[in-house]
Amino acid sequence: MESRNFIDGEWVDARDGATMVVRDPADDASLASVPRCGAREATACVDAAQRALGAWRNTPAPERANLLRRVADILRVRRDALAALITSENGKPIEESKGEVSYAADYFVCAAGEGERLVEETIDPRGRPFARRATPECLGVVAAITPWNFPLAMMARKTAPALATGCTQVVKPAEATPLSALALGGVLHEAGLPRGVVNVVTGDPQAISDAWLRDGRVRGLSFTGSTAVGKDLMRRAADQVVRLSLELGGLAPLIVFEDADLDAAVEATVAGKFRCAGQTCICPNRILVARPLVQPFTRRLAERAAALPLGRGATPGTRMGPLINDAAVEKVRRHVADALARGGRLLCGGATVPIAGGCDRFFAPTVITEVNARMLCFREETFGPLAPVAAFDDEASALGIANDTPYGLASYIFTRDPSRAQRVTAQLRCGIVGVNTCLVSDATAPFGGWGWSGFGREGGRWGLDEYLSWKYSCHAVEAPHS
Ligand code: SIN
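Basis of the calculations
- Note that residues are indexed from 1 along each chain, following the sequence as it is written.
- Only residues with pLDDT of at least 70 get local features here, since the model is predicted, and only at 80 or more are side-chain atom pairs given and counted; chain-wide, interface and lining totals rely on the full set of residues.
- Side-chain measures were taken over the full set of non-hydrogen atoms in the model, leaving aside hydrogen atoms and water.
- Each helix corresponds to a stretch of at least 4 residues labelled H or I by DSSP, and each strand to a stretch of at least 2 residues labelled E; elements are numbered beginning at the N terminus.
- Only C-alpha atoms enter the radius of gyration, while the globule expectation follows 2.2 Å times N to the 0.38, with N the number of residues.
- Surface accessibility follows the Shrake-Rupley procedure with a 1.4 Å probe radius. Residue values consider only the protein chains on display as shielding.
- In this tally Asp and Glu are treated as negative and Lys and Arg as positive; neither His nor the chain ends contributes.
- For this purpose, a charge sits on NZ of Lys, CZ of Arg, CG of Asp or CD of Glu.
- Geometry of aromatic contacts follows a simple scheme: Phe, Tyr and Trp rings, the Trp one being its six-membered ring, pair when their centres are within 6.5 Å, and the pair is stacked under 30 degrees between planes, edge-to-face over 60, tilted otherwise.
- When accessible area is computed with a 1.4 Å probe and restricted to protein chains, residues below 20% of their type maximum are described as buried, those above 50% as exposed, and intermediate ones as partly exposed.
- A positively charged side chain is recorded as over a ring if its NZ (Lys) or CZ (Arg) lies within 6 Å of the ring centre. The angle to the ring normal must also be within 35 degrees.
- As used in this record, nonpolar core signifies buried Ala, Val, Leu, Ile, Met, Phe, Trp, Tyr and Cys residues forming a set joined through side-chain atoms within 4.5 Å.
- We call a residue near a molecule or strand when any one of its heavy atoms sits within 4 Å of it.
- The definition of a polar contact used here is a pair of N or O atoms within 3.5 Å, where within protein one atom must be able to donate a hydrogen and the other to accept one, and adjacent residues in sequence count solely through side-chain atom pairs.
- When residues are sorted by character, Ala, Val, Leu, Ile, Met, Phe, Trp, Tyr, Cys and Pro go into the nonpolar class, Asp, Glu, Lys and Arg into the charged class, and all the rest, Gly among them, into the polar class.
- Every residue pair with non-hydrogen atoms within 4.5 Å of one another is taken to be in contact.
- Only strands that DSSP links by at least two bridges are regarded as paired with each other.
- Axis definition: a line fitted to C-alpha atoms, over the contacting stretch in the case of helices. Angles run 0 to 180 degrees between N-to-C directions.
- The split of the chain into domains comes from an automatic or database domain assignment.
- Accessible area that two parts lose when put together, evaluated with a 1.4 Å probe and summed over both, is termed the buried area.
- We define a salt bridge as a contact between a side-chain nitrogen of Lys or Arg and a carboxyl oxygen of Asp or Glu at a distance within 4 Å.
- To sort the angles, those under 35 degrees are grouped as roughly parallel, those over 145 as roughly antiparallel, those from 65 to 115 as roughly perpendicular, and the leftovers as oblique.
- Left-handed describes a crossing whose near helix is turned anticlockwise from the far helix through less than a right angle; right-handed describes the clockwise counterpart.

1. What to know about the overall build of the protein
- Helices and strands together make up the secondary structure of the protein, namely 15 helices and 22 strands.
- The C-alpha atoms of the protein give a radius of gyration of 23 Å, which matches the 23 Å a tight globule of 482 residues would have.
- Overall, the C-alpha framework of the protein stretches about 75 × 65 × 40 Å when taken along its three principal axes.
- Accessible surface, the protein as shown: approximately 19,000 Å² in total, 52% of it carbon and sulfur.
- Taking the average place of the 55 positive charges on the side chains of the protein and the average place of its 55 negative ones, the gap between the two points comes to 2 Å.

What follows is the structure in structure tokens.
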């Protein structure tokens, strides 16, 4: 396992030798020390990316695509080792980590194909003596700041389209989970990526992001993380007019209509809510159930949640691991306490559970019913395994509650009525809608939000747009002689 930084094709330490420890969230065991870098190393990354830009931009798209496919092949061959690494630093169950490696590989395959299909477009001259073209050009050097909840896949989601369009990139992974990103740096190197095309630096988030946003050579920044940090990046990106793509927080409503298949809705809710211990931006955060179904839905949901095996991610059979850190545990505790103090009813969970040799971060899957819009868990993203359930009376009121938020990432609806599915989907103010499913993530689809959930799309052909600048050229041509 490489724990140094990957800059200009070399594995390097921080210039002053500073390091920071990466810990297993399950027991705080030290996994590795990685460089604690700052502005100097961040700028060295941009220097390298700028030097590499000309040659990479001019590399024919099919050659770039072949390299991306090689990256996907290596990821698949190394799936189990990479999954073990993800689980060690993030804590998620090993089967989820294996899924994440495949998800990461899919982004490289998808971007390879989309990059090959990118072509100059001819624009109709509208009867005038012009030849007009729109040419896709890469943005240049771009930056990526990636989160800890999908430490490999979220870098893949940003790196693959950047490379497919001819951009070069500087990457800063989350402090909690830098090892997966460094491992991906190693895979890119092994696949034959020229030096400097992707550079991975670990360390002080403020110093590194400041260096990039002030540099002037960094033309784009893709960030996945909290809305608070996204807003701060927007302010700091203004001076150099850096193009942003922001995938921020969510407050996903999940609506179960009275005509839903109850068992399917419960299973989907369990899959969506407790994935990564509830630490995804698209986890259902506000579960709205048609009043006549509330009792049977919550009873089954609580039964299923209480039966989920909680434990270390590496233990076979574990369905939910620890939360990432103590602050995450405190936030879930605060949301549970607030809901109960305001009249919510606890059906299962509600506290951490001791796991032999583990830290106090294993929060039991929790279901609270009789929740209302004044409670914290309905107003703020919990980012943990709390499933709060409220009743609604009709479609209009369900939609009203669902849309009553400045966030708009994912929404889920459960109904057997196709016309209702279509009607409600059209009225939900968000970027992603799951109909009778919570498993919406896919490398070929546009992932992204509205409002406080950010802007820009990742995945599919849409993911490449964030790394392109279209050049319009209009050529006067001699009018044909009559
Ligand atoms: C996220 O939580 O940011 C990403 C979730 C996903 O891609 O499924």
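After that view, the rundown keeps rolling.
2. Points about the packing of aromatic side chains
- Applying the stated criterion across every chain, the model contains five aromatic pairs.
- Note on Phe6 and Trp11: the rings are 4.9 Å apart at their centroids and 40 degrees apart in plane angle, and the pair reads as tilted. By the burial criterion, Phe6 is buried, and Trp11 matches it.
- Ring geometry for Phe257 versus Phe392: centroids 5.6 Å apart, planes at 75 degrees, classification edge-to-face. With Phe257 in the loop between strand S12 (253-256) and helix H9 (262-273) and Phe392 in strand S16 (residues 386-392), this pair connects stretches of sequence that are 135 residues apart.
- Judged by its relative accessible area of 1%, Phe257 falls in the buried class.
- Positioned over the ring face of Phe447 is Arg157, at 4.0 Å from the centre of the ring.
- Against the face of Trp452 rests Lys231, its NZ or CZ located 3.4 Å from the ring centre.

3. Some remarks on the nonpolar core
- By size, the foremost hydrophobic cluster in this structure holds 64 residues, and its most contacted members are Val256, Phe297, Tyr412 and Phe414.
- If you look at the next biggest cluster of nonpolar residues, it comprises 52 residues, including Trp11, Ala32, Tyr103 and Ala144.

4. Some details on the site of the ligand
- In the region of the ligand, 13 residues are neighbours, and Tyr103, Arg157, Arg275, Cys281 and Ser441 sit closest.
- Within the contact set of the ligand, an oxygen atom lies 2.7 Å away from a side-chain nitrogen or oxygen of Tyr103.
- Contact distances for the ligand include 2.8 Å between an oxygen atom and a backbone N or O atom of Cys281.
- When the free accessible area of the ligand is taken as 250 Å², the share hidden by the protein chains comes to 100%.
- The residue inventory of the shell around the ligand, partitioned by class, reads six nonpolar, four polar and three charged.

5. Let's talk about the side chain of Thr382
- Mapped onto the fold, Thr382 is located in the loop between helix H12 (376-379) and S16.
- On the basis of relative accessibility, which here comes to 1%, the residue Thr382 falls in the buried class.
- For Thr382, the contacting residues outside a window of four places in its chain are Asn285, Lys331, Val332, His335 and Cys377.

6. Focus on the sheet that holds strand S13 (residues 286-290)
- Taken together, seven strands build an open sheet; the order of strands is S14-S15-S16-S13-S12-S18-S19 and the sheet is mixed. Both outer strands of the open sheet, strand S14 (345-348) and strand S19 (432-435), are each paired with one neighbouring strand and no more. Pairwise comparison of adjacent strand axes, ignoring direction, gives a mean angle of 20 degrees for this sheet.
- As paired strands, S12 and strand S18 (residues 410-414) are joined by three bridges and run parallel to one another. Across the sheet, the residue bridging to Leu254 is Tyr412, located in S18.

7. Thoughts on the domain arrangement of the protein
- Examined at the domain level, the protein breaks down into domain 1 (5-248 + 453-472) and domain 2 (253-435).
- One C-alpha centre belongs to domain 1, the other to domain 2; they are set 31 Å apart.
- Counting the surface domain 1 buries against domain 2, the share from its top three residues, Ala26, Trp148 and Ser453, is 27%.
- Summed over the shared surface of domain 1 and domain 2, the number is two salt bridges.
- A salt bridge links Asp27 to Arg312, with the nearest nitrogen and oxygen atoms 3.1 Å apart.
- At the surface where domain 1 touches domain 2, the tally comes to nine residue pairs in polar contact (both at pLDDT 80 or more).
- Secondary structure elements with two or more residues in the side of domain 1 that touches domain 2: helix H3 (79-90) and helix H4 (94-117).

8. Some points on the packing of H4 against helix H5 (residues 153-165)
- Where H4 contacts H5, the axes come no closer than 8 Å and their chain directions differ by 15 degrees. Of the possible angle classes, the one that applies to H4 and H5 is roughly parallel. Along this stretch, H4 crosses H5, giving a crossing that reads as right-handed. Contacts between H4 and H5 pair Glu100, Tyr103, Ala104, Tyr107, Phe108, Ala111 and Gly115 from the former with Ala153, Met154, Ala156, Arg157, Thr159, Ala160, Pro161 and Ala164 from the latter.

9. Quick look at unusual backbone geometry
- One non-glycine residue with positive phi stands out, namely Val241, at about 50 degrees.
- Along the polypeptide, Val241 turns up in the loop between helix H8 (227-237) and strand S11 (243-247).
- Residue Phe383 is not a glycine yet carries a positive backbone phi of 55 degrees.
- Mapped onto the fold, Phe383 is located in the loop between H12 and S16.

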